[in-house]
Amino acid sequence: MGRLIRMDFYRLVKSKLFIISLIVLFSLQLAIAFGIPILTDMLAHSFGNSEELKMDTVVKVSDILSNPMMSFFMIIMFISAISFLFEDIRNGYIKNIAGQISKKGYTAISKFIVVCFHNFVFMVVSVLGTLIGSAVCPKTYLSFDNAVFSGLVIFLVKVLLSFAMIAIILFITTGLRNKTIASVIGVLFSLGALGLLYAGLDQLLSTIGIKNVNVENYIPDQLYNQSYDVAAFSAVINSVIVSVIFIVVFLSLTVMIFNKRDVK
């Protein structure tokens with residue numbers, strides 16, 4: 001198992017898409033953090049210093065940690081992850097790997113461990129891009145406020161929620177062997193476009209007599225986009241529990257299916 005994980009780590013760090021995606025994400029986050037305050041200030045002067053366009057020049061580190069990656073930019077992370085998860089199946093060398101280990105499902109566990117590291121790196125790089133952009137921007141002042149620890153907790157919660165989402169994508173790519181559907185799901189997760197579906201499920205549950213249930217409170221992609229207050233500890237615990245359940249369920253399903261089917 002250890003050698004399998006090392007091999008997958010080697011595949012990841014040698015992936016050109018992984019490196020390019022990180023550079024693109026870092027550049028975008030830095031450009032936005034650096035450029036938006038300047039652009040807003042220019043617009044404010046153009047409109048006669050309109051109060052509506054003036055930005056708060058203080059950027060709190062806790063706010064950056066609490067929002068590590070814009071939801072839309074998660075598309076970049078998921079595209080890189082899906083490419084990594086499907087690479088061994090697409091190129092066919094999964095047959096050689098699976099034939100040399102006692103249980104084929106170990107390959108799914110190995111890929112999940114490595115892709116969790118992949119997500120963590122993306123989140124950290126995203127935060128670094130925003131921090132550096134805000135620090136060098138002449139129109140903003142980076143403040144290490146008293147809520148940095150709370151921001152770090154929320155950062156880790158959102159990283160865990162990204163692991164839950166990637167467990168679903170692992171199930172589709174490795175368990176069901178379908179890269180197309182996985183890509184669509186990744187985009188929908190990133191855009192938060194499944195909200196209407198969850199609202200429909202709420203209505204359906206209400207119709208059959210199960211009322212006062214908000215499905216969005218138990219779905220990783222919707223929880224990722226929520227605002228958290230560490231003082232409201234129940235919301236943080238709920239997100240952690242939901243993440244763990246999704247990871248256990250979808251990783252178990254992937255391993256079970258992969259163990260039972262022929263490797264082609």
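As shown above, the structure is provided for reference.
Below: a short report on this structure. (Residues numbered from 1 in each chain as written. Predicted model: local features only at pLDDT ≥ 70, side-chain atom pairs only at ≥ 80, totals over all residues. Heavy atoms only, no water.)

### Brief notes about the overall build of the protein
Next up, step 1: Tallying secondary structure elements over the protein gives eleven helices and two strands in all.
Next up, step 2: Taken from the N to the C terminus, the helices and strands of the protein come in the order α-α-β-α-α-α-α-β-α-α-α-α-α.
Next up, step 3: Overall, the C-alpha framework of the protein stretches about 70 × 55 × 30 Å when taken along its three principal axes.
Next up, step 4: Put simply, the protein has 264 residues, and 47% of those count as buried.
Next up, step 5: Considering only intrachain contacts with a sequence separation of at least 6, the fraction spanning at least 24 residues in the protein is 82%.
Next up, step 6: Computed over 20 positive and 14 negative side-chain charges, the separation of the two mean positions in the protein equals 19 Å. (Helix = DSSP H or I, 4+ residues; strand = E, 2+ residues; numbered from the N terminus. Buried < 20%, exposed > 50% of the residue type's maximum accessible area, 1.4 Å probe, protein only. Contact = heavy atoms within 4.5 Å. Lys, Arg positive; Asp, Glu negative; His and termini not counted. Charge placed at Lys NZ, Arg CZ, Asp CG, Glu CD.)

### Observations regarding the side chain of Ser-110
Next up, step 1: By the element assignment, Ser-110 lies in helix H6 (residues 106-136).
Next up, step 2: Among the polar contacts listed, one links the side chain of Ser-110 to the backbone oxygen of Leu-4, at a separation of 3.3 Å.
Next up, step 3: Ser-110 has contacts with Met-1, Leu-4, Ile-5 and Asp-8, leaving out every residue within four places of it along the chain. (Polar contact = N/O pair within 3.5 Å; in protein donor to acceptor, adjacent residues only side chain to side chain.)

### As for the nonpolar core
Next up, step 1: Ranked by size, the top nonpolar core spans 64 residues in total, and within it Met-69, Phe-78, Phe-112, Phe-122, Ile-169 and Phe-189 carry the most contacts.
Next up, step 2: Looking at which element gives the most residues to this core, the answer is helix H7 (residues 148-175), with 16 residues.
Next up, step 3: Contacts of Phe-189, omitting those with residues within four sequence positions, involve Ser-71, Phe-78, Met-165, Ile-168, Ile-169, Leu-194, Tyr-198 and Asp-221. (Core = buried A, V, L, I, M, F, W, Y, C linked by side-chain atoms within 4.5 Å.)

### Brief notes about the environment of Lys-260
Next up, step 1: Residue placement: Lys-260 occurs in helix H11 (residues 233-260).
Next up, step 2: Along the chain, Lys-260 and Gly-105 lie 155 residues apart, while their C-alpha atoms are 8.9 Å from each other.

### As for unusual backbone geometry
Next up, step 1: The backbone of Arg-177 shows a phi angle near 55°, a positive value even though the residue is not glycine.
Next up, step 2: Relative to the elements of secondary structure, Arg-177 occurs in the loop between H7 and helix H8 (179-191).

### Some words on helix H9 (residues 195-207)
Next up, step 1: With 13 residues, H9 extends 18 Å between its outermost C-alpha atoms, agreeing within 8% with the 18 Å of an ideal straight helix rising 1.5 Å per residue.
Next up, step 2: Against the buried residues of H9 lie H8 and helix H10 (220-224).
Next up, step 3: Looking one or two residues beyond H9, the residue adopting positive phi is Gly-209, at roughly 105°. (Expected span 1.5 Å × (residues − 1).)

### Considerations on the pattern of salt bridges
Next up, step 1: Counting across every chain of the model gives three salt bridges.
Next up, step 2: Two residues, Glu-87 and Arg-11, come together in a salt bridge whose shortest N-O distance is 2.9 Å. Of this pair, Glu-87 sits in helix H4 (residues 74-91) while Arg-11 sits in helix H1 (residues 2-13), and the two are 76 residues apart along the sequence.
Next up, step 3: One network of salt bridges, with partners in common, ties together Asp-8, Arg-11 and Glu-87. (Salt bridge = Lys/Arg side-chain N within 4 Å of Asp/Glu carboxyl O.)

### Quick look at the packing of aromatic side chains
Next up, step 1: On inspection of all chains with the given rule, the structure shows seven aromatic pairs.
Next up, step 2: Both rings, one in Phe-72 and one in Phe-73, keep their centres 6.3 Å apart while their planes meet at 55°; by these two values the pair is tilted.
Next up, step 3: On the numbers, 6.4 Å between centres and 65° between planes, the contact of Phe-120 with Phe-155 is edge-to-face. Highlighted residues: Phe-120 in helix H6 and Phe-155 in helix H7, separated in sequence by 35 residues.
Next up, step 4: Here Phe-155 falls in the buried class, since its relative accessible area comes to 6%.
Next up, step 5: The positively charged end of Lys-158 is found above the aromatic ring belonging to Tyr-224, 5.2 Å away from the centroid. (Phe/Tyr/Trp six-rings, centres within 6.5 Å; stacked < 30°, edge-to-face > 60°. Lys NZ or Arg CZ within 6 Å of the ring centre and 35° of its normal.)

### Quick notes on the packing of helix H2 (residues 16-46) against H4
Next up, step 1: Where H2 meets H4, the axes come as close as 10 Å, and the angle between the chain directions of the two elements is 175°. What the angle tells us is that H2 and H4 run roughly antiparallel. Counting all contacts with H2, which are made through Leu-17, Phe-18, Ser-21, Val-24, Leu-25 and Leu-28, the residues of H4 involved are Ile-76, Ile-79, Ser-80 and Ser-83.
Next up, step 2: Each residue belonging to the contact of H2 with H4 can be placed in one class, and the counts come to seven nonpolar, three polar and no charged. (Axes fitted to C-alpha atoms, helices over the stretch in contact; angles between N-to-C directions. Parallel < 35°, antiparallel > 145°, perpendicular 65-115°, else oblique. Nonpolar A, V, L, I, M, F, W, Y, C, P; charged D, E, K, R; others polar.)

### A short note on the side chain of Ser-190
Next up, step 1: Tracing the chain through its elements places Ser-190 in helix H8.
Next up, step 2: Residues within four places of Ser-190 in sequence aside, it is in contact with Ser-71, Phe-72, Met-74, Ile-75 and Phe-78.

### Description of the packing of H1 against H4
In a pair of packed helices, the angle between the axes and the distance between the axes together describe the arrangement.
Next up, step 1: Remark: H1 packs on H4, axes separated minimally by 11 Å, with the N-to-C direction vectors making an angle of 115°. Here H1 is positioned roughly perpendicular relative to H4, judged by the angle of their axes. Regarding H1 and H4, the two cross each other, and that crossing is right-handed. Contacts between H1 and H4 involve Asp-8, Arg-11 and Leu-12 from the former and Phe-84, Glu-87 and Asp-88 from the latter.
Next up, step 2: When its residues are assigned to classes, the contact of H1 with H4 shows two nonpolar, no polar and four charged. (Left-handed = near helix turned anticlockwise from the far one by under 90°.)

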